[in-house]
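Structure assessment
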Amino acid sequence: MNNGTAAVVQVQDLIKDFQGPYGTIQVLKKINLSVQPGEMVGVCGPSGSGKSTLINMITGIDRPTSGTIDIAGSQLNGMSENKLARYRGLHIGVVFQFFQLLPTLTIIENVLLPMDFCRKGTPRQRYERAMSLLEQMGVADQAHKLPASLSGGQQQRAAIARSLANDPPLIVADEPTGNLDSKTAQHVFHIFEELVSQGKTFIMVTHDPGLARRMPRVIEVLDGRLYENGNGNGVH
Ligand code: ADP
Ligand code: MG
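Rules and cut-offs
- Residues numbered from 1 in each chain as written.
- Chains lettered and ligands numbered in written order.
- Predicted model: local features only at pLDDT ≥ 70, side-chain atom pairs only at ≥ 80, totals over all residues.
- Heavy atoms only, no water.
- Near = heavy atom within 4 Å.
- Polar contact = N/O pair within 3.5 Å; in protein donor to acceptor, adjacent residues only side chain to side chain.
- Helix = DSSP H or I, 4+ residues; strand = E, 2+ residues; numbered from the N terminus.
- Nonpolar A, V, L, I, M, F, W, Y, C, P; charged D, E, K, R; others polar.
- Buried < 20%, exposed > 50% of the residue type's maximum accessible area, 1.4 Å probe, protein only.
- Contact = heavy atoms within 4.5 Å.
- Pairing = 2+ DSSP bridges.
- Axes fitted to C-alpha atoms, helices over the stretch in contact; angles between N-to-C directions.
- Parallel < 35°, antiparallel > 145°, perpendicular 65-115°, else oblique.
- Left-handed = near helix turned anticlockwise from the far one by under 90°.
- Phe/Tyr/Trp six-rings, centres within 6.5 Å; stacked < 30°, edge-to-face > 60°.
- Core = buried A, V, L, I, M, F, W, Y, C linked by side-chain atoms within 4.5 Å.
- Salt bridge = Lys/Arg side-chain N within 4 Å of Asp/Glu carboxyl O.

**A word on the site of ligand 1**
Around ligand 1 lies a shell formed by Phe18, Val27, Pro46, Ser47, Gly48, Ser49, Gly50, Lys51, Ser52 and Thr53. At 3.2 Å, a backbone N or O of Ser49 approaches an oxygen atom of ligand 1. Interatomic distance of 3.0 Å between a backbone N/O atom of Gly50 and an oxygen atom of ligand 1. The leading source of residues in the shell around ligand 1 is helix 1 (residues 51-58), at three residues. Of the residues contributing to the shell around ligand 1, the split by class is three nonpolar, six polar and one charged.

**Details of helix 3 (residues 107-117)**
Residues of helix 3 that are buried include every one of Ile107, Ile108, Asn110, Val111, Leu112 and Met115, and no others. Looking at the packing, one finds that the buried side of helix 3 touches helix 4 (123-136) and helix 5 (152-163).

**Description of unusual backbone geometry**
The backbone of Phe99 sits at a positive phi, close to 65°, despite the residue not being glycine. Phe99 sits in the buried class, given a relative accessible area of 6%. Even without being a glycine, Gln100 presents a positive backbone phi close to 55°. Position of Gln100 among the secondary structure elements: in the loop between strand 6 (92-95) and helix 3.

**Section: the sheet that holds strand 1 (residues 9-20)**
With antiparallel pairing, the four strands of this open sheet are ordered in space as 2-1-4-5. On the outer flanks of this sheet lie strand 2 (23-35) and strand 5 (74-75), each paired with one strand and no other. As judged from the five bridges shared by strand 1 and strand 4 (residues 66-71), these two strands associate in the antiparallel manner. Its bridge partner being in strand 4, Gln12 is matched across the sheet by Thr68.

**Overview of the packing of helix 3 against helix 5**
Interaxial distance between helix 3 and helix 5 falls to 8 Å at its minimum, and their mutual angle equals 25°. Judged on the interaxial angle alone, helix 5 and helix 3 are roughly parallel. As for how helix 3 packs across helix 5, the hand of that crossing is right-handed. Across the interface between the two elements, Ile107, Asn110, Val111 and Pro114 of helix 3 pack against Ala158, Ala161 and Arg162 of helix 5. Taken together, the residues that form the contact of helix 3 with helix 5 break down as five nonpolar, one polar and one charged.

**Focus: the packing of aromatic side chains**
The final tally for this structure, using the stated rule, is one aromatic pair. Taken together, a centroid distance of 4.3 Å and an interplanar angle of 20° make the contact between Phe192 and Phe202 stacked. Here the residue Phe192 occupies a position in helix 6 (residues 182-197), and Phe202 occupies one in strand 8 (residues 201-205), the gap between them amounting to ten residues. Just as Phe192 is buried, Phe202 falls in that class too.

**Here's the deal with the nonpolar core**
Grouped together as the largest cluster of nonpolar side chains are 36 residues, with contacts concentrated most on Leu134, Ile160, Phe192, Phe202 and Met204. Of all elements in the fold, only helix 3, helix 4, helix 5, strand 7 (170-174), helix 6 and strand 8 reach the threshold of two or more residues within this core. Top element by residues in this core is helix 6. It accounts for six residues. Setting aside anything within four residues of it in sequence, one finds Leu134 in contact with Ile107, Ile108, Val111, Val139, Ala140, Ala143, Ala158 and Ala161. Counting residues in each nonpolar core, the second largest holds 29 residues, with Leu14, Leu28, Ile55 and Val221 among its members.

**Re the pattern of salt bridges**
In total, this model carries nine salt bridges according to the counting rule given. Taking the shortest distance from any N to any O, the salt bridge between Glu39 and Arg217 comes out at 2.9 Å. With Glu39 in the loop between strand 2 and strand 3 (40-44) and Arg217 in strand 9 (residues 217-222), the pair connects residues that are 178 residues apart, well separated along the chain. In this structure Arg217 comes out as buried when scored by relative accessible area, which is 10%. Here Lys200 and Asp167 are joined by a salt bridge, their closest N and O atoms 2.5 Å apart. You can see Lys200 sitting in the loop between helix 6 and strand 8 and its partner Asp167 sitting in the loop between helix 5 and strand 7, a full 33 residues away along the chain.

Rendered as structure tokens:
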């Protein structure tokens, strides 16, 4: 399955169709995208242009109609649901706009979940890693609380800790600051900048032009096509 590419993300001829009430809608129109290790990539574009659909293909949350997606050297397309879930758990950290912490689990249990799922290390090692990640994110004092008792910024920092649990090379975030006040958004964005400086590859959808300006590479999604530096469709 390893195709020998050095790219962390390699998207080729990706098409995604959805069935709408009036027939088939092509939401992603044969797009290409390559992201190298250590890159920090912003994804912008109007609401409904296909940003989340693209992100969900890259994270394996949803599957393409046609085309291929390789993450960290393995193609997602042919994987069974079980294999895909496990591969995703080990290689891709996902951060959402509304945090998606499981409400009935404590913060540390949420961070333990991806490690328990992939059975990484001993239970004690997992616990220590979870606590250390929460410390790095500045929310260790919240470890034994339920998500609902935390502020939005604290929940997002806990969710970032969860995304790092299995030490994936790639972090993908869909509007991770969209539900935070601007000061907290800055703080969370700075955490991502630090992760990139530590060698992670990072892709983030954002509506915030100020944050987009701080991304070394920005891709625009317009009506299901990718544009970069004024260069339409087919970003390589
Ligand atoms: P963005 O994240 O850029 O706002 P999305 O990727 O969420 O846009 O959506 C792009 C288009 O695809 C929209 O027209 C949306 O209505 C449609 N769409 C997204 N998911 C589905 C789905 N599961 N079923 C049908 N249509 C969908
Ligand atoms: Mg979206």
